[in-house]
Amino acid sequence: MLKKFSVITASVILFVLCAFFTFLTGEAAASVMDREVVVVGTEGTYPPFEFYDEDNNLTGFDIEMVKSIGKKIGKEIQMVDMPFDGLIPALLTGKIDLIASAVTATEERRQRVNFSDVYHVTDATIVVRTGDDTIKGFADLRGKTIGVQLGTVEDLYLTNLDLPWINVKRYQKTDDAVREVLLGRNDGVFLDTVVGANYVDSEKFKGFLQLVFREEIHGPEEGFSLAVRKDDPRLLDAINGALREMESSGEMDALRKKYRM
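Residues numbered from 1 in each chain as written. Predicted model: local features only at pLDDT ≥ 70, side-chain atom pairs only at ≥ 80, totals over all residues. Heavy atoms only, no water.

**With respect to the layout of surface pockets**
Piece 1. Put simply, the largest pocket is a space of about 470 Å³.
Piece 2. What lines the largest pocket is a set of 18 residues, and nearest its centre among them are P47, F51, Y52, N198 and S202.
Piece 3. Class assignment of the residues belonging to the lining of the largest pocket gives a composition of seven nonpolar, four polar and seven charged.
Piece 4. Counted as a void, the second largest pocket has a volume near 230 Å³.
Piece 5. Taken together, F84, D85, L87, I88, P89, I99, V103, E108, R109, R112, G151 and L156 form the lining of the second largest pocket.
Piece 6. Within the residue set of the lining of the second largest pocket, elements represented by two or more residues are α3 (87-92), β5 (98-104) and α4 (107-110).
Piece 7. Partitioned by chemical class, the residues of the lining of the second largest pocket number seven nonpolar, one polar and four charged. (1 Å grid on protein atoms, 1.4 Å probe; cavity = no way out; pocket = protein on both sides within 12 Å on 5 of 7 lines; lining within 4 Å. Points joined across faces, edges and corners; volume = space filled by probe spheres on them. Nonpolar A, V, L, I, M, F, W, Y, C, P; charged D, E, K, R; others polar. Helix = DSSP H or I, 4+ residues; strand = E, 2+ residues; numbered from the N terminus.)

See the structure below:
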């Protein structure tokens with residue numbers, strides 16, 4: 001009986017050890033490509049990349065792009081709207097499978113997630129109330145209150161500038177940061193130039209807001225990319241293949257033209 005028990009125990013231990021080392025080497029990690037649905041996280045107040053239309057449908061450049069990618073890789077896309085600063089934690093904990101939310105592929109973020117090929121590169125701008133000519137550069141921000149969306153590269157840029165004489169207010173949603181400028185509670189909002197121009201030209205804010213100056217804040221390899229977990233190279237390869245197909249077919253340029261990018 002003791003001999004039989006020892007053999008069984010040894011077999012169980014061997015199985016557990018094999019499973020453990022397989023996990024460590026990443027061979028046991030299941031790919032999202034083995035499932036029918038890809039859960040995609042986004043933050044829906046960043047037009048023209050993601051926003052809600054007049055019928056309260058989530059749309060935008062990123063949304064159309066990722067749905068097209070889904071068709072090309074044979075997957076159903078399920079969108080989830082959440083705070084921007086919660087997107088990477090949600091990805092890492094498996095609550096979502098992919099991030100499509102105008103995320104800049106910074107070196108810091110690359111330590112945590114894998115990024116697709118870059119699909120858009122831009123700079124940043126300050127948006128102020130129409131007629132305000134007091135801000136022409138960062139030197140003019142002394143004593144000013146500037147809004148920014150929490151967790152964005154614009155937020156990180158202002159933080160790294162370490163200029164205590166700028167009062168930075170952080171918001172979960174870009175809409176809120178822009179609205180505070182319109183209401184006169186903040187002097188400006190620092191955001192992506194394409195997004196800023198979209199707000200300035202929108203029906204809600206047209207004639208009330210203006211862009212005052214632009215700033216290069218990205219490195220040469222940084223731009224908007226889709227983010228996936230590091231343990232899913234199959235999904236990353238499929239996404240990059242779909243992005244290259246969209247570029248070569250002209251579909252990506254058509255989307256850029258549609259959203260005035």
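**A few points about the packing of aromatic side chains**
Piece 1. What the rule picks out here adds up to eleven aromatic pairs.
Piece 2. Here the aromatic rings of F51 and Y259 are separated by 6.5 Å at their centres, their planes lie at 75 degrees, and the arrangement is edge-to-face. Of this pair, F51 sits in strand β2 (residues 51-52) while Y259 sits in the segment after α9 (251-258), and the two are 208 residues apart along the sequence.
Piece 3. Using a relative accessible area of 22% as the deciding quantity, one classes F51 as partly exposed.
Piece 4. Here F61 and Y259 contribute two aromatic rings whose centre-to-centre distance is 6.4 Å and whose plane-to-plane angle is 80 degrees, an arrangement assigned as edge-to-face. Of this pair, F61 sits in helix α2 (residues 61-73) while Y259 sits in the segment after α9, and the two are 198 residues apart along the sequence.
Piece 5. Site record: aromatic cluster; members linked through ring pairs are Y46, F49, F51, F61, Y119, F224 and Y259. (Phe/Tyr/Trp six-rings, centres within 6.5 Å; stacked < 30°, edge-to-face > 60°. Buried < 20%, exposed > 50% of the residue type's maximum accessible area, 1.4 Å probe, protein only.)

**Digging into the nonpolar core**
Piece 1. Ranked by size, the top nonpolar core spans 42 residues in total, and within it F49, F61, M65, I69, L98, L226 and I239 carry the most contacts.
Piece 2. When residues of this core are assigned to their parent elements, the largest contribution, seven residues, is made by helix α8 (residues 233-249).
Piece 3. Residues contacting M65, with those up to four places away along its chain left out, are Y119, L226, L243, M246, M252 and L255.
Piece 4. Counting 15 residues, the second-largest nonpolar core is a separate cluster that includes I126, I135, L141 and L158. (Core = buried A, V, L, I, M, F, W, Y, C linked by side-chain atoms within 4.5 Å. Contact = heavy atoms within 4.5 Å.)

**Here's the deal with the sheet that holds strand β6 (residues 114-115)**
Piece 1. One open sheet accounts for five strands, arranged β4-β1-β5-β12-β6; its pairing is mixed. Of all the strands in the sheet, the pair left with one neighbour each is β4 (76-81) and β6.
Piece 2. Examined bridge by bridge, strand β1 (residues 37-42) and β4 share six bridges and lie parallel to one another. The residue of β4 that forms the bridge with V40 is M79. (Pairing = 2+ DSSP bridges.)

**Observations concerning the environment of N198**
Piece 1. Considering the arrangement of structural elements, one finds N198 in helix α7 (residues 193-201).
Piece 2. Distance in space between the C-alpha atoms of N198 and P48 is 6.5 Å, their sequence separation being 150 residues.
Piece 3. Other than its neighbours up to four places away in sequence, N198 contacts P47 and P48.

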